[in-house]
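Here is what each chain is made of, one letter per residue.
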Amino acid sequence: MATFLYKLGRLAFRRRRFVALIWVALLTLAGVGAASAPAAGNTSFSIPGTEAQKAFDLLAQRFPGMSADGATARVVFKAPAGEKMTGKHNKATVEETVKELEHGSEVASVADPYTGHAVSKNGTIAYASVKYKVSGMELEDSSRDALKKAAQHARDAGLTVEVGGDALNATPETGSSEVIGLAIAAVVLVVTFGSLVAAGLPLLTAVIGVGIGVSTITALASALDLGSTTSTLASMIGLAVGIDYALFIVSRYRAELAEGRDREEAAGRAVGTAGSAVVFAGLTVVIALVGLSVVDIPMLTKMGVAAAGTVAVAVLIALTMIPALLGFAGRRVKPAGEKSRLLGGGRTPKRPGRPNMGTRWASFVVRRPVAVLLLGVIGLGAAAVPAASLQLGLPDDGSQPASTTQRRAYDLLSEGFGPGFNGPLMVVVDAKDSAHPKAAFNKADHEIKGMKDVVTVTPPVPNKAGDTATITVVPGSKPSSTTTEDLVHAIRDKGADIAARTDSKVLVTGSTAMNIDVSQKLNDALLPYLALVVGLAFLLLIVVFRSVLVPLKAALGFLLSVMAALGAVVAVFQWGWLSGLMNVEQTGPVMSMMPIFMVGVVFGLAMDYEVFLVTRMREAYVHGEKPAQAVVTGFRHGARVVTAAAVIMIAVFSGFIGSSESMVKMIGFGLAVAVFFDAFIVRMAIVPAVLALLGRRAWWLPKWLDRALPDVDVEGEGLRTAADRGDRDADPDGERELVRV
């Protein structure tokens, strides 16, 4: 592989105008496709295999037009001090608001508070329920605007009005965070390379790669039912790996220049060595993202595949466009150790010949590997302790900031009707196979009324055929509480007894039950997903490093850093530690998607650092250095680049911590902490300590496995041999071997 990529790098350097033209044409084509594609609505949302989804599907069949899984909104009214909602003026205002709400094209029904018994006992709070024909993710912006406008008209009439429900849920804007991340990345790259031109190359190629990926997603969004969250994830991941991969190759190019090679040869060797690491690092990211399909949530699968496609584009751009741009840049990209005059180049160093920070740190670790290993493992283990108390759930309006109308509506409903009123459960009784459907309905109603933590149970509402009925259950606890989750499971357990006695089926659904089912599905999928991703990557790293212990160490180190990061998330967002500093207004269960999302994203980035850092060690070892010295050599060449890449990622993810959305805040914090732990504790401390302790055993591989594995030559040994034989002079263009490969 190294030889093929070496030839590809030299060819791209020489034919730079042609290569640049191809990528500009692809970007233009994708942009035109995105601009001319039909506007895509929000993606549909379904959770196959869950009881809540089965109930929704059943309701769609037995109650046509009901839109059981449609978006809902609750417009909550509170009377001025000393007044009641039953007062003449206040009642007239509410009735006008209800009429205004009924005019929406996507509105299925609006329940009047006065005819639906939706006024609190003390008469100060009332609410109107709005049911839509489509889900919250498919709702048009015009419907949301009409909802807000109707609420504002009631406010103007003197009432306190707040709106809750999933109808107002919209994808948070993240554009400013990406701009901040790019700005910080630019500063770090300038400091790392000491050159504005060299720093600009990774940013330029990353933006082009993301532009092609996101534009392609936009162009296909309508045909493939891709939502806006798909392009958001692809943009975040594509930007992250795009900068990383270009950074690795540009850094290796400058190192090759510092060794005296001409620019075309340096570009070829950079792509042949660092490019090989980029290919395998990219494969680990693609495996992690495509592996999200094991969760069996269609939306998550589409997001993972789309982001994986963007990563593949980033790899191809790094291998071809970076050497082409290096050809355009010429002498403006300096060898390693030199800076441009604008940034202080040409000055005499204060301490010439002094080893760099990476060399000094690696030498220290090699001298004291046991102490460093114990300190790193104990530190991460301590950080991981809170993860033992991890509680998973999905955010509801109660986790919104206190400044939002959703949170204020949630609090008003809790005040007027009790905390469980914000998360009613819908029980569906399917008595199609029962000889006495009405008896089955009444039996379910009677059994549920006698259960613990049940406040209100509405009478069964049968469909026209009389074979299916719905029962609304109001719990005594808030939707995200473990008590409500226990109630859902208790009703389902009781439903099994009812089914045995009445030949009917009892299903529990509604947004609260759906959240519980999604959390359980994600929790159940975590171990299979982890086994798949880590297992495939383990096999891939065996091929790369030709070792069993190095990939094993990489996988174990990753698990340790992820557990520590989850512990930090639990401590801040569930226990409330440092919640004031992080501006966390409401603690509660950790978002159920967080562990599996963190595993996928962080695993890919962690393996980037592992592959790039350890391949330099492997390269030094293959070229004759002793194991301990190879560790130091790897850090001398790779520590600065890996540090810069990690700082950039931490800065990008930290930009999301300032979001008002608790979910976005949690993701930003979790990913930033995970990258910090993995890059600076696992890769920079535990990895060199373990390799120093293992010595030559780190690179041990059974002979039978060595013969069975393909020789991918990531360390570039084939390039060295070719140079020694003078093959490069015999075929200066390298085109014969490129065509032959």
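Reading the values: rules and limits
- As a convention, each chain's residues are numbered from 1 in the sequence order in which they are written.
- With pLDDT at 70 or above as the cut-off, local features in this predicted model cover only qualifying residues; side-chain atom pairs require 80 or more to be listed or tallied, and sums for whole chains, interfaces and linings still use all residues.
- Only hydrogens and water are set aside; all other atoms, that is, all heavy atoms of the structure, feed into the side-chain values.
- Strands here mean DSSP runs of E at least two residues long; helices mean DSSP runs of H or I at least four residues long; both are numbered from the N terminus.
- Three labels apply to residues, based on accessible area from a 1.4 Å probe with only protein chains included: buried if under 20% of the type maximum, exposed if over 50%, partly exposed otherwise in between.
- Pairs of residues are marked as contacts when any of their non-hydrogen atoms sit within 4.5 Å.
- Each accessible area value is a Shrake-Rupley result obtained with a 1.4 Å probe; residue values ignore everything except the protein chains displayed when judging cover.
- Fitting axes to the seven residues ending at a residue and to the seven starting there, one defines the bend at that residue as the angle between these axes.
- Salt bridges are counted wherever a side-chain nitrogen of Lys or Arg sits within 4 Å of a carboxyl oxygen of Asp or Glu.
- In this text, buried Ala, Val, Leu, Ile, Met, Phe, Trp, Tyr and Cys residues form a nonpolar core when linked through side-chain atoms within 4.5 Å.
- Only when DSSP finds a minimum of two bridges between them are two strands counted as paired.
- Each axis is a line fitted through C-alpha atoms, taken for helices only over the stretch in contact, and angles between the N-to-C directions span 0 to 180 degrees.
- Put simply, two rings from Phe, Tyr or Trp (the six-membered ring, in Trp's case) pair if the centres are within 6.5 Å, and we call them stacked under 30 degrees between planes, edge-to-face over 60, tilted for the rest.
- By definition, being over a ring means that NZ of Lys or CZ of Arg is both within 6 Å of the ring centre and within 35 degrees of the ring normal.
- Any pair of nitrogen or oxygen atoms within 3.5 Å is treated as a polar contact; in protein, a donor-acceptor pairing is required on top of that, and neighbouring residues in sequence qualify only through side-chain atoms on both sides.
- Residues enter patches when their relative accessible area tops 30% and they take part in no salt bridge; the joining distance is 9 Å for like charges and 5 Å for the nonpolar side chains Val, Leu, Ile, Met, Phe, Trp and Tyr.
- Roughly parallel covers angles under 35 degrees, roughly antiparallel covers those over 145, roughly perpendicular covers 65 to 115, and oblique covers all other angles.
- Here a crossing is called left-handed whenever its near helix is offset anticlockwise from the far helix by less than a right angle, and right-handed whenever the offset is clockwise.
- Gly falls in the polar group here, along with every residue not listed as nonpolar (Ala, Val, Leu, Ile, Met, Phe, Trp, Tyr, Cys, Pro) or charged (Asp, Glu, Lys, Arg).
- pLDDT is defined as a per-residue confidence score from the predictor, taking values between 0 and 100.

**What about the overall build of the protein?**
Okay, step 1: A count of helices and strands for the protein gives 24 helices and 11 strands.
Okay, step 2: Every one of the 741 residues in the protein was classed for burial, and the buried ones make up 55%.
Okay, step 3: Contacts in the protein between residues far apart in sequence, at least 24 positions, make up 80% of those at least 6 positions apart.
Okay, step 4: For the protein, the computed accessible surface area is about 31,300 Å², with 59% contributed by carbon and sulfur atoms.

**Here's the deal with helix H19 (residues 627-654)**
Okay, step 1: The sharpest bend along H19 reaches about 50° and sits at glycine 638.
Okay, step 2: Buried residues dominate H19, accounting for 20 of its 28 residues.

**Points about the pattern of salt bridges**
Okay, step 1: What the rule picks out here adds up to 22 salt bridges.
Okay, step 2: Of the charged contacts in the structure, one is a salt bridge between aspartate 430 and arginine 62, with a shortest N-O distance of 2.8 Å. Taken together, the residues aspartate 430 in strand E6 (residues 425-430) and arginine 62 in helix H3 (residues 51-62) connect sequence positions 368 residues apart.
Okay, step 3: Judged by its relative accessible area of 17%, arginine 62 falls in the buried class.
Okay, step 4: In this structure, arginine 683 engages glutamate 610 in a salt bridge whose closest nitrogen and oxygen atoms are separated by 2.6 Å. Here arginine 683, found in helix H20 (residues 662-694), pairs with glutamate 610, found in helix H18 (residues 594-622); they are 73 residues apart in sequence, far enough to count as distant. Assigned by exposure class, arginine 683 and glutamate 610 land together as buried.

**Re the nonpolar core**
Okay, step 1: Among the nonpolar cores identified, the biggest contains 170 residues, and Tyr245, Phe558, Met598 and Phe653 are the most heavily contacted of them.
Okay, step 2: Setting aside residues up to four positions removed in sequence, phenylalanine 653 forms contacts with Met236, Val601, Leu605, Gly668, Leu671, Ala672 and Val675.
Okay, step 3: Core analysis: the next-biggest nonpolar cluster, separate from the first, contains 26 residues, Phe77, Ala79, Tyr114 and Ala154 among them.

**Section: the sheet that holds strand E4 (residues 160-164)**
Okay, step 1: Pairing within the open sheet is antiparallel, and its four strands lie in the order E2-E3-E1-E4. Looking at the sheet topology across the chains shown, the edges are occupied by strand E2 (107-111) and E4. Geometrically, the sheet is characterised by an average inter-axis angle of 20° between neighbouring strands, direction not taken into account.
Okay, step 2: Alignment of strand E1 (residues 72-78) against E4, held across five bridges, turns out to be antiparallel. Its bridge partner lying in E4, arginine 74 is registered against glycine 164.

**Observations regarding the packing of aromatic side chains**
Okay, step 1: For the structure on display, the rule yields nine aromatic pairs.
Okay, step 2: When the centroid spacing of 4.8 Å and the interplanar angle of 20° are considered together, the rings of phenylalanine 417 and phenylalanine 421 count as stacked.
Okay, step 3: The partly exposed category is assigned to phenylalanine 417, whose relative accessible area is 22%.
Okay, step 4: Through pairs of rings, three or more aromatic residues link up here, namely Tyr127, Phe417 and Phe421.
Okay, step 5: Just above the ring of phenylalanine 13 sits the side chain of arginine 16; from NZ or CZ to the centre is 5.3 Å.
Okay, step 6: Directly above the aromatic system of tyrosine 127 lies the positively charged group of arginine 74, at a separation of 5.3 Å from the ring centroid.

**Details of the side chain of arginine 263**
Okay, step 1: With respect to the helices, strands and loops of the structure, arginine 263 is situated in helix H9 (residues 263-290).
Okay, step 2: Residue arginine 263 is classed as buried on the basis of its relative accessible area, which comes to 18%.
Okay, step 3: A polar atom in the side chain of arginine 263 sits 3.0 Å from the backbone oxygen of glycine 330.
Okay, step 4: With residues near it in sequence (within four places) discarded, arginine 263 still touches Phe13, Tyr253, Leu257, Gly330, Arg331 and Val333.

**What to know about a nonpolar patch on the surface**
Okay, step 1: A contiguous nonpolar surface patch, about 400 Å² in accessible area, is contributed by Phe18, Ile22, Leu26 and Leu29.
Okay, step 2: Take leucine 29: its relative accessible area is 62%, and that puts it in the exposed class.

**A short note on the packing of H18 against H19**
Okay, step 1: The geometry of H18 relative to H19 is characterised by a closest axis approach of 7 Å and an angle of 155° between their N-to-C directions. Put simply, H18 runs roughly antiparallel to H19. With respect to the hand of their crossing, H18 and H19 are arranged in right-handed fashion.
Okay, step 2: Classifying every residue of the contact of H18 with H19 gives 19 nonpolar, four polar and one charged.

**Let's talk about unusual backbone geometry**
Okay, step 1: You will see that aspartate 453, though not glycine, has its phi angle at about 70°, which is positive.
Okay, step 2: Since its relative accessible area comes to 22%, aspartate 453 is described here as partly exposed.
Okay, step 3: Its identity as a non-glycine residue notwithstanding, arginine 546 has a phi of 50°, on the positive side.
Okay, step 4: Residue placement: arginine 546 occurs in the loop between helix H16 (511-545) and helix H17 (549-574).
Okay, step 5: Arginine 546 sits in the buried class, given a relative accessible area of 10%.

**What about the side chain of serine 251?**
Okay, step 1: Mapping serine 251 onto the fold places it in helix H8 (residues 228-258).
Okay, step 2: Judged by its relative accessible area of 14%, serine 251 falls in the buried class.
Okay, step 3: Those residues in contact with serine 251, other than ones at most four positions away along the chain, are Phe193 and Val641.

**What to know about the environment of alanine 288**
Okay, step 1: Along the polypeptide, alanine 288 turns up in helix H9.
Okay, step 2: As for alanine 288 and valine 533, which are separated by 245 residues in sequence, their C-alpha atoms are 5.5 Å apart.
Okay, step 3: When near neighbours in sequence (up to four residues on either side) are disregarded, alanine 288 contacts Tyr529, Val533, Gly600 and Phe603.

**Focus on the confidence of the model for the protein**
Okay, step 1: Confidence in the prediction for the protein averages 81 pLDDT; 88% of positions are at 70 or higher.
Okay, step 2: Contacts from residues 722-741, a stretch scored under 50 in pLDDT, to residues over four places away or in other chains number 25 contacts.

**Quick look at the packing of helix H1 (residues 2-14) against helix H10 (residues 298-329)**
Okay, step 1: One can describe the packing of H1 onto H10 by two numbers: an axis separation of 7 Å at closest approach and a directional angle of 45°. Put simply, H1 runs oblique to H10. Here the hand of the crossing between H1 and H10 comes out right-handed. Packed against H1, whose contacting residues are Leu5, Leu8, Gly9, Ala12 and Phe13, the element H10 presents Leu319, Thr320, Pro323, Ala324, Leu326 and Gly327 at the interface.
Okay, step 2: Residues belonging to the contact of H1 with H10 are distributed by class as follows: eight nonpolar, three polar and no charged.

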